Amino acid sequence: MTDRIDIISPVNLAQLDHILEKLRKPATYVAGATDIMVQKSRWEQAGTLIDLRTVQELVSTLEIGPEGILIGAALSFTDIIRYRIIQEKFPILVESCRQIGSVQIQNRATLGGNIANASPAGDTLPVLAVLNAELWIGPRLKDNFTKMSVDEIMTGPGKNCLQPNQYIAYIYLPFPEPTDPFWYFRKVGQRYSMAISKLSLAVLGWKHNNHIREIRICAGSVSPRIKRAVLTEKLLSNQELNSKVIEKAATQLMKEIKPITDIRSTHNYRKSTAGRLLQESLSTWARAGK
Ligand SMILES: Cc1cc2nc3c(=O)[nH]c(=O)nc-3n(C[C@H](O)[C@H](O)[C@H](O)COP(=O)(O)OP(=O)(O)OC[C@H]3O[C@@H](n4cnc5c(N)ncnc54)[C@H](O)[C@@H]3O)c2cc1C
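What counts and what doesn't
Residues numbered from 1 in each chain as written. Predicted model: local features only at pLDDT ≥ 70, side-chain atom pairs only at ≥ 80, totals over all residues. Heavy atoms only, no water. Near = heavy atom within 4 Å. Polar contact = N/O pair within 3.5 Å; in protein donor to acceptor, adjacent residues only side chain to side chain. Areas by Shrake-Rupley, 256 points an atom, 1.4 Å probe, with all protein chains shown as cover. Helix = DSSP H or I, 4+ residues; strand = E, 2+ residues; numbered from the N terminus. Nonpolar A, V, L, I, M, F, W, Y, C, P; charged D, E, K, R; others polar. Pairing = 2+ DSSP bridges. Axes fitted to C-alpha atoms, helices over the stretch in contact; angles between N-to-C directions. Buried < 20%, exposed > 50% of the residue type's maximum accessible area, 1.4 Å probe, protein only. Contact = heavy atoms within 4.5 Å. Core = buried A, V, L, I, M, F, W, Y, C linked by side-chain atoms within 4.5 Å. Domains from an automatic or database assignment. Buried area = accessible area lost by both parts, 1.4 Å probe. Left-handed = near helix turned anticlockwise from the far one by under 90°.

Enquirer: Give me the lowdown on the site of the ligand, citing residues and values where you can.
Expert: In the neighbourhood of the ligand, 34 residues make up the surrounding shell, with Y29, T34, D35, R42 and T110 lying closest. In the model, an oxygen atom of the ligand is placed 2.6 Å from a nitrogen or oxygen of the T34 side chain. The separation between an oxygen atom of the ligand and a polar side-chain atom of D35 is 2.5 Å. Relative to its free-state accessible area of 990 Å², the ligand is covered by the protein chains to the extent of 91%. Those elements giving two or more residues to the shell around the ligand turn out to be β2 (28-30), α8 (111-116) and β10 (167-174). Split into classes, the residues belonging to the shell around the ligand amount to 20 nonpolar, 10 polar and four charged.

Enquirer: Tell me what's going on with the sheet that holds β10, and back it up with residues and numbers.
Expert: Working definition: the strands of a sheet are paired by backbone hydrogen bonds and lie parallel or antiparallel to each other. Pairing in this open sheet of five strands is antiparallel, and the strands run β4-β5-β10-β6-β7 from one edge to the other. Here the strands that pair on one side only, and so sit at the sheet edges, are β4 (62-64) and β7 (144-148). With direction set aside, neighbouring strand axes in the sheet form an average angle of 25 degrees. When strand β5 (residues 68-72) meets β10, the two strands line up antiparallel, connected through five bridges.

Enquirer: Just give me the short version of the environment of D123, but keep the residues and values in it.
Expert: Inspection of the secondary structure assignment puts D123 in the loop between α8 and α9 (124-130). Residue D123 is classed as buried on the basis of its relative accessible area, which comes to 6%. Taking the C-alpha atoms as reference points, D123 and T273, separated by 150 residues in sequence, lie 16 Å from one another. Setting aside its immediate chain neighbours within four residues, D123 contacts S96, Q99, I100, N114, F185, K187 and S197. Polar side-chain contacts of D123 include one of 2.7 Å to the side chain of K187.

Enquirer: Quick one: what's the story with the nonpolar core, residue by residue and with numbers?
Expert: Ranked by internal contacts, the top residues of the largest apolar core, which has 44 residues, are I69, I86, L93, I115, L128, I171 and L173. Split by domain, the residues of this core number at least three in each of domain 2 (54-174) and domain 3 (182-288). Residues in contact with L128, not counting those within four places in the same chain, are L93, L111, I115, A133, V150, I171 and L173. Core analysis: the next-biggest nonpolar cluster, separate from the first, contains 24 residues, I217, L236, I246 and L278 among them.

Enquirer: Quick one: what's the story with the domain arrangement of the protein chain, residue by residue and with numbers?
Expert: Domain assignment breaks the protein chain into domain 1 (6-53), domain 2 (54-174) and domain 3 (182-288). Here the C-alpha centroids of domain 1 and domain 2 sit 18 Å apart. Each side of the interface is counted separately: domain 1 has 20 residues, and domain 2 has 25 residues. For the pairing of domain 1 and domain 2, the buried interface totals around 1,800 Å² over both sides, and the portion due to carbon and sulfur atoms is 53%. When residues of domain 1 are sorted by the area they lose upon contact with domain 2, L13, L52 and R53 head the list and together hold 36% of the total.

Enquirer: I'd like a description of the packing of helix α12 (residues 243-256) against helix α13 (residues 267-288), backed by residues and values.
Expert: The packing of two helices is summarised by the inter-axis angle and the distance between the axes. Look at α12 against α13: their axes get within 8 Å of each other, and the N-to-C directions meet at 145 degrees. Like other packed secondary-structure pairs, α12 and α13 cross with a definite hand, here right-handed. When α12 is examined against α13, the residues I246, E247, A249, A250, L253, M254 and K255 are found in contact with a partner set consisting of K271, S272, A274, G275, L278, Q279, L282 and S283. In the contact of α12 with α13, the residues fall into eight nonpolar, four polar and three charged.

Below, the structure written as structure tokens:
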């Protein structure tokens, strides 16, 4: 353990970027602290903590553009759940945020923290993947943020590709077009609240003339990194949903994912349940008829 821990609390992005430029030693970011507080070895060794919840732009930005919205990375899940525009345009994100921990955790925990923590069980990650979220990474270089996707930032369980001076500043969500897609998010855990996922599944899709025009599928807790099930998506593309197609897609998803056995669940349970969740989602979509 270091003798002392310095906490730096920048008030805005300009100050944060300036501090990072001058800092001689690596710093550890802290936002809601709901993950980092239980990773004792990390903050004990930290030396310097940079508090992102004091950075005005990161805690307060919700910018609505013509093609999407920009969310400050240090917005809490409670903030996200409450915004009308997010409820209307991104109900799948609201649903995943509602299922995180408990209301107390949602009040503190941030979207940026969920992404940077890079847990395969992070509940918003499959959802952000199907929404084609774009992560804006600071500090700005010549006034521009570096952009990356959720599957690019995550390099393995608990690991991200950010350099010590890099942080997630914003999450950009393009509006799903055309409007009103079918969406599905289901998390399977030990109990309803305060449960880390055994696995989860996010699906977003559009039909045209009763055939699937586009579908995006991403399962959580079934591989070291979050990535979309592109082969299952391809199999479903242009198909009419019937029981044979649905069964084929479930079998393909079970082949495509690589779950492990750990304290929360087993390889076999995760594989078969992922297939069943996909069947449930596609059957619901077939019945909904939109
Ligand atoms: C009781 C409990 C229940 C939980 N339940 C769930 C659950 O159901 N689902 C779920 O997904 N998670 C759950 N979590 C985990 C946690 O709440 C989430 O991962 C949360 O989103 C983390 O956000 P935070 O702001 O608290 O992150 P912090 O703890 O502040 O930080 C987490 C990590 O990300 C880094 N970091 C934070 N923000 C940034 C940024 N903007 N840029 C770069 N790096 C950054 C930090 O350095 C740290 O390494 C639970 C945690 C607890 C304690």
